[in-house]
Amino acid sequence: MATLKDIAAATGISTSTISRVLNRDKTISVSAQTQQRIFDVARELGYVPVRSRGRAGTQHTPGALKMGIAQMFEPNQVLQDPYYLYMKNELEKECFANGVETTTLFRGADGDFIAPGAAKLDGIFAIGSFTLQEIRSFERCSRYVVFLDSTPDDERYFAVVPNFHLGLRQALSRLLETGHRRIAFLGSRYTLQKTRDLLLDGRLYYFRNILREKGLYDESLVLDCGMTSPEAYRVLSGALPKWMERPDALFLSSDAMVQGAMRALDEAGVRVPADMSVIAFNDTPLSQNATPPLSAVRVLQHELAVAAVVSMRLCRANQEHPFKTVVPCAYIERGSVAARG
């Protein structure tokens with residue numbers, strides 16, 4: 001049976017770091033790429049975590065179940081928005097901790113997802129939104145499919161999603177209680193949901209409805225923007241000089257836009273939070289490492305992964321009616337919100 005020393009020898013990473021990563025220590029500062037490498041090598045060497053071993057240290061048969069993981073984004077897109085990379089890492093950790101082997105599915109030339117070496121799969125976790133063609137390709141690999149971060153068909157598939165409504169209420173409640181009244185939204189007006197049809201983005205939907213209830217919604221403060229850093233810079237840079245009265249707060253619907261948005265504000269001489277408060281959504285290191293660090297609505301990716309594994313267990317038990325699990329978000333305060341008035 002492989003040991004932590006074996007993994008350390010193969011990766012050049014210290015055993016203490018490897019142990020903390022494999023035990024999902026959230027206080028350790030290790031890049032997603034390093035975590036991915038540790039888990040990949042651990043699987044290759046057949047390492048089994050302590051809670052997946054039998055009594056008296058005997059080892060359970062690893063890889064009793066083999067799950068495929070499919071991602072909506074291609075690798076070059078993940079570099080711009082690492083949210084799904086972190087989500088995949090959390091899912092792989094949870095599977096690993098439960099003695100479940102995982103493999104990554106890739107799109108073929110025809111757009112269908114395929115398993116490496118035509119491997120037999122006991123289930124598929126699909127992260128993001130997918131076309132009907134892609135979903136059909138999942139079903140050819142396995143009859144058991146669980147979706148994360150989308151719900152293509154509530155009557156057919158188990159799904160796990162973050163609670164957008166709660167997250168927006170958390171962010172806007174914080175801004176309203178600190179005296180903000182002109183709150184701008186930067187993000188995509190439409191998002192890929194269901195079967196990748198364009199629908200009104202859930203974050204914008206709740207942003208609009210919550211502020212309308214308060215009589216504070218202003219359509220001119222909604223900036224339709226692709227959720228990337230270059231797009232955020234382009235759109236916000238164009239809007240700032242045109243506003244007769246600037247907003248006193250800005251909500252970023254994805255922290256993939258943080259770098260570009262903060263650059264646009266800095267070039268316009270807008271100080272955060274002295275002149276404008278900023279809150280981002282997702283709370284990946286892009287928010288945490290911004291200057292200044294941004295308050296954010298955190299999507300609880302570990303809890304999403306746990307719920308997905310539980311859903312897969314129920315799915316494989318052939319439960320008659322699938323269901324959607326909605327996981328709460330958490331507001332994280334870092335000081336990018338200042339009181340007004």
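As shown above, the structure is provided for reference.
Residues numbered from 1 in each chain as written. Predicted model: local features only at pLDDT ≥ 70, side-chain atom pairs only at ≥ 80, totals over all residues. Heavy atoms only, no water.

(A) Quick look at the environment of Leu4. Counting through the fold element by element, Leu4 comes out in helix α1 (residues 4–11). Considered as a pair, Leu4 and Ala42 are 38 residues apart in the sequence and their alpha carbons are 8.5 Å apart. Those residues in contact with Leu4, other than ones at most four positions away along the chain, are Thr15, Ile18, Ser19, Leu22 and Tyr47. (Helix = DSSP H or I, 4+ residues; strand = E, 2+ residues; numbered from the N terminus. Contact = heavy atoms within 4.5 Å.)

(B) Structural context of the pairing of strand β13 (residues 277–282). With six of six residues buried, β13 lies mostly within the body of the structure. Handedness of the crossover is the feature at issue here: the chain leaves strand β12 (residues 249–252), passes through helix α10 (residues 258–267), returns alongside β13, and the resulting connection is right-handed. (Buried < 20%, exposed > 50% of the residue type's maximum accessible area, 1.4 Å probe, protein only. Right-handed = clockwise from strand over helix to strand, strands pointing away.)

(C) Just the sheet that holds β12, in detail. On the basis of which strands lie adjacent, the open sheet formed by six strands has the order β11-β8-β12-β13-β14-β16 and mixed pairing. Each having just a single partner strand, β11 (222–224) and β16 (329–332) make up the two edges of the open sheet. Within the sheet, the average angular offset between the axes of one strand and its neighbour, ignoring direction, is 15 degrees. Bridging between β12 and β13 involves four bridges; their strand directions are parallel. The partner of Leu250 across the bridge, within β13, is Val278. Contacts from α10 reach β8 (183–187), β12 and β13, with the element oriented near 160 degrees to β12. (Pairing = 2+ DSSP bridges. Axes fitted to C-alpha atoms, helices over the stretch in contact; angles between N-to-C directions.)

(D) Structural context of the nonpolar core. Core analysis: the largest hydrophobic core is formed by 61 residues, its most contacted members being Leu91, Phe125, Phe130, Phe138, Phe147 and Phe207. Residues contacting Phe125, with those up to four places away along its chain left out, are Met67, Gly68, Ile69, Ala70, Leu91, Cys95, Val146, Leu148, Ala308, Val309 and Met312. Membership of the second largest hydrophobic core comes to 26 residues, among which are Ala232, Val235, Met257 and Leu265. (Core = buried A, V, L, I, M, F, W, Y, C linked by side-chain atoms within 4.5 Å.)

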